[in-house]
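So you can see what is in the structure, the chains are spelled out below.
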Amino acid sequence: MSFGPQAAERLTNKIILITGASAGIGESTAWDYAKASNGEIKLILTARRIERLESLEKDLSTQFPQIKILTKQLDVSNLKDIESFFQSLPTEFQDIDILINNAGKAHGVDKIGTIKQEDIDVMFQTNVLGMISMTQHVLPIMKQKDSGDIVQLGSIAGRDPYPGGGIYCATKAALRSFTHSLRKELIDTKIRVIEIDPGNVETEFSNTRFFGDLEKAKKVYQGTEPLIAKDISDLIVYTTTRRSNTVIAETLIFSTNQASASHLYRKTD
Ligand SMILES: NC(=O)c1ccc[n+]([C@@H]2O[C@H](COP(=O)([O-])OP(=O)(O)OC[C@H]3O[C@@H](n4cnc5c(N)ncnc54)[C@H](OP(=O)(O)O)[C@@H]3O)[C@@H](O)[C@H]2O)c1
């Protein structure tokens, strides 16, 4: 997607912070902001796998030498880590304009009653507590200048809970509820709160959900033509480059083979 000169102009001098930028939607979002800008943006790329971020920074810098990039290891499930991340931000990266709350995951498909406590904890700590803490840290910065965008990676799972997703769906429903409260609380500001709820996107998401079992991960998408990360990152850049009084408050995005969390058309040969 070409975002055009107007989008580039609207992004000029913006500082964009992406969580979970080492893979999938987050990584693709970094590329799409770079492509949509005129080079005058700053990107803060965070995730746990620092070597992936460094390699992404290298590739981005080769293609877009003008863009200032800061890569930082950040585990959003660790609230102390979030605290020290914000304390250690260099001055020139502190005035954040766009927060992409993207880091998130599902662990397993166990039914309620058999779900491991560690999986419950990791999903809530990452998808809910981490997301809330990132927002809490960024909001005073945005309030001070009365502008900013907070993009929330929700999911169809947050609207349409399915068996085997008891915890993941609950985390995304929590995100959705938090997001709606936030938008209402910010009604007298120019801060935009944007929720994006994808259906199936083929990324590392299912590899993580099935703890590295690639066969099981592949089966999730078998016979369908799932969304790809770029479909979502296009949307993220699009929503954050609208006229400043326009909020694309929420978007539900599916591939043509999907109509709800579990209503999938699978082609069989
Ligand atoms: N793929 C889908 O079908 C789908 C559908 C709806 C919504 N979503 C949502 O979209 C978001 C991105 O998912 P994706 O599909 O791009 O998955 P992905 O390819 O697995 O990427 C997930 C990203 O989150 C990061 N992450 C995981 N745990 C983290 C932690 N504790 N702290 C910081 N970063 C962490 C990962 O980096 P590190 O491992 O390096 O930390 C990675 O960069 C998630 O919130 C997911 O719930 C995905």
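Structure shown above.
Residues numbered from 1 in each chain as written. Predicted model: local features only at pLDDT ≥ 70, side-chain atom pairs only at ≥ 80, totals over all residues. Heavy atoms only, no water.

### Some words on the site of the ligand
Of all residues adjacent to the ligand, which total 30 residues, the nearest are S22, R48, N102, Y168 and T203. R48 has a polar side-chain atom sitting 2.7 Å from an oxygen atom of the ligand. Secondary structure elements with two or more residues in the shell around the ligand: α2 (24-36) and α6 (166-185). Here the residues of the shell around the ligand are counted per class, giving 12 nonpolar, 12 polar and six charged. (Near = heavy atom within 4 Å. Polar contact = N/O pair within 3.5 Å; in protein donor to acceptor, adjacent residues only side chain to side chain. Helix = DSSP H or I, 4+ residues; strand = E, 2+ residues; numbered from the N terminus. Nonpolar A, V, L, I, M, F, W, Y, C, P; charged D, E, K, R; others polar.)

### Let's talk about helix α5 (residues 117-145)
The end-to-end C-alpha separation of α5 is 41 Å, in line with the 42 Å expected for 29 residues at 1.5 Å each. Roughly 40 degrees is the biggest bend found in α5, and it falls at Q125. (Expected span 1.5 Å × (residues − 1). Bend = angle between axes of the 7 residues up to and from the residue.)

### Looking at helix α9 (residues 229-239)
Owing to its 3.6 residues per turn, the α-helix aligns residues three or four sequence positions apart on the same side. The buried count for α9 comes to eight of 11 residues, which makes it a mostly enclosed element. A229, I232, S233, D234, L235, I236, V237 and T239 are the residues of α9 that are buried. (Buried < 20%, exposed > 50% of the residue type's maximum accessible area, 1.4 Å probe, protein only.)

### Topic: the nonpolar core
Across soluble globular proteins, nonpolar side chains show a tendency to be buried alongside one another. Within the largest apolar cluster, 36 residues are counted, with the highest numbers of intra-cluster contacts made by Y33, L43, L45, L60, I100, I232 and I236. Ranked by residue count, the leading element in this core is α2, at six residues. (Core = buried A, V, L, I, M, F, W, Y, C linked by side-chain atoms within 4.5 Å.)

### Some words on the packing of aromatic side chains
Following the criterion strictly, the structure yields three aromatic pairs and no others. Summarising the aromatic geometry, the rings of F85 and F86 are spaced 4.9 Å apart at their centres and angled 80 degrees between planes, so their arrangement reads as edge-to-face. Of the residues examined, F86 reaches a relative accessible area of 12% and is grouped as buried. Geometry around F93 places K42 over its ring, the cationic atom sitting 5.9 Å from the centre. (Phe/Tyr/Trp six-rings, centres within 6.5 Å; stacked < 30°, edge-to-face > 60°. Lys NZ or Arg CZ within 6 Å of the ring centre and 35° of its normal.)

### A few points about the sheet that holds strand β3 (residues 68-73)
The strand order across the open sheet built from seven strands is β3-β2-β1-β4-β5-β6-β9, with neighbouring strands paired in parallel fashion. Unpaired on one side and paired on the other, β3 and β9 (250-253) mark the two borders of the sheet. Each neighbouring strand pair of the sheet contributes to a mean axis angle of 15 degrees, computed without reference to strand direction. Of the strand pairs in this sheet, strand β6 (residues 191-198) and β9 are connected by four bridges, and their pairing is parallel. Counted as the bridge partner of I196 is T251 from β9. Packing against the sheet, α5 makes contact with β1 (15-18), β4 (98-101), β5 (148-153) and β6, and its axis sits at approximately 170 degrees to β4. (Pairing = 2+ DSSP bridges. Axes fitted to C-alpha atoms, helices over the stretch in contact; angles between N-to-C directions. Contact = heavy atoms within 4.5 Å.)

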